[in-house]
Amino acid sequence: VQLQASGGGLVQAGGSLRLSCVASGRTFSTYGMGWFRQAPGKEREFVAAINWSGGGTSYANSVKGRFTISRDNTKNTVYLQMNSLKPEDTAVYYCARGRGTYYYTLVREYDYWGQGTQVTVSS
């Protein structure tokens with residue numbers, strides 16, 4: 001399984017970005033997917049997750065109401081729409097595949113990780 005994340009970049013505070021993550025393989029639709037982020041000197045933290053069908057989601061409190069996770073199983077792709085971005089959202093963002101169908105929130109509940117895409121929010 002390979003995960004390819006894209007869509008990061010430099011944006012001013014208050015702006016928006018949409019991250020995409022394309023997965024290889026034929027079983028994408030049977031797994032929950034998640035987004036995590038890691039800022040310099042900090043641990044990787046949970047951002048958002050979605051179950052296998054897209055009918056269930058979970059968000060970190062810090063992004064709730066600003067970020068939206070979604071998926072298109074016909075395209076093997078999971079998205080993270082990020083609005084009202086803040087400087088504290090600056091980090092490398094990683095997509096990951098869960099070990100099962102649920103929307104997991106812990107790093108150890110994911111078994112495959114993408115390479116990361118840099119998001120920088122200027123003040």
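Residues numbered from 1 in each chain as written. Predicted model: local features only at pLDDT ≥ 70, side-chain atom pairs only at ≥ 80, totals over all residues. Heavy atoms only, no water.

Peer 1: How do you make sense of the side chain of Ser20 when you look at a structure like this?
Peer 2: Examined against the element boundaries, Ser20 turns out to sit in strand 3 (residues 17-23). By relative accessible area, which is 17% here, Ser20 ends up buried. When neighbours within four sequence positions are excluded, Ser20 is seen to be in contact with Gln4, Ala5, Ser6, Trp35, Thr77, Val78 and Tyr79. (Helix = DSSP H or I, 4+ residues; strand = E, 2+ residues; numbered from the N terminus. Buried < 20%, exposed > 50% of the residue type's maximum accessible area, 1.4 Å probe, protein only. Contact = heavy atoms within 4.5 Å.)

Peer 1: What am I meant to see in the pattern of salt bridges here?
Peer 2: Pairing is possible between side chains of opposite charge, provided their charged atoms come close. Tallied over the entire structure, the rule returns 4 salt bridges. Between Arg66 and Asp89 there is a salt bridge whose closest N-O contact spans 2.8 Å. In this pair, Arg66 sits in the loop between strand 6 (57-59) and strand 7 (67-72) while Asp89 sits in the loop between strand 8 (77-82) and strand 9 (91-98), placing the two residues 23 residues apart along the sequence. You'll find Arg66 and Asp89 in the same group, each marked buried. (Salt bridge = Lys/Arg side-chain N within 4 Å of Asp/Glu carboxyl O.)

Peer 1: Teacher, can you tell me more about the pairing of strand 9 here?
Peer 2: Across a regular strand the side chains alternate sides, sitting on one face of the sheet and then on the other. Here strand 9 lies mainly inside the structure; 7 of its 8 residues are buried. Alignment of strand 4 (residues 33-38) against strand 9, held across 6 bridges, turns out to be antiparallel. Looking at strand 9, one finds that Trp35 is bridged to Cys95. Where strand 9 and strand 10 (residues 110-113) come together, 3 bridges link them in antiparallel fashion. Bridging across to strand 10, Gly98 finds its partner in Tyr110. (Pairing = 2+ DSSP bridges.)

Peer 1: Can you walk me through unusual backbone geometry in this structure?
Peer 2: For residues other than glycine, phi is negative in most cases, and the peptide bonds are mostly trans. With phi around 50°, Asn76 is a residue other than glycine that occupies positive phi space. Within the fold, Asn76 resides in the loop between strand 7 and strand 8. Backbone geometry at Ser84 places phi at a positive 50°, although glycine is not the residue there. Among the structural elements, Ser84 can be located in the loop between strand 8 and strand 9. Residue Ser84 is classed as partly exposed on the basis of its relative accessible area, which comes to 41%.

Peer 1: Explain the sheet that holds strand 7 to me, please; I cannot follow it from the model alone.
Peer 2: What holds strands together in a sheet is hydrogen bonding between their backbones, with the strands either parallel or antiparallel. Strand order in the open sheet formed by 4 strands is 1-3-8-7, and the pairing between neighbours is antiparallel. Each edge of the open sheet is held by one strand with a lone partner, namely strand 1 (3-6) and strand 7. The average undirected angle you get between the axes of adjacent strands in this sheet is 15°. Strand direction decides the pairing type here: strand 7 and strand 8, joined by 6 bridges, are antiparallel. Of the residues in strand 8, the one forming a bridge with Thr68 is Gln81. (Axes fitted to C-alpha atoms, helices over the stretch in contact; angles between N-to-C directions.)

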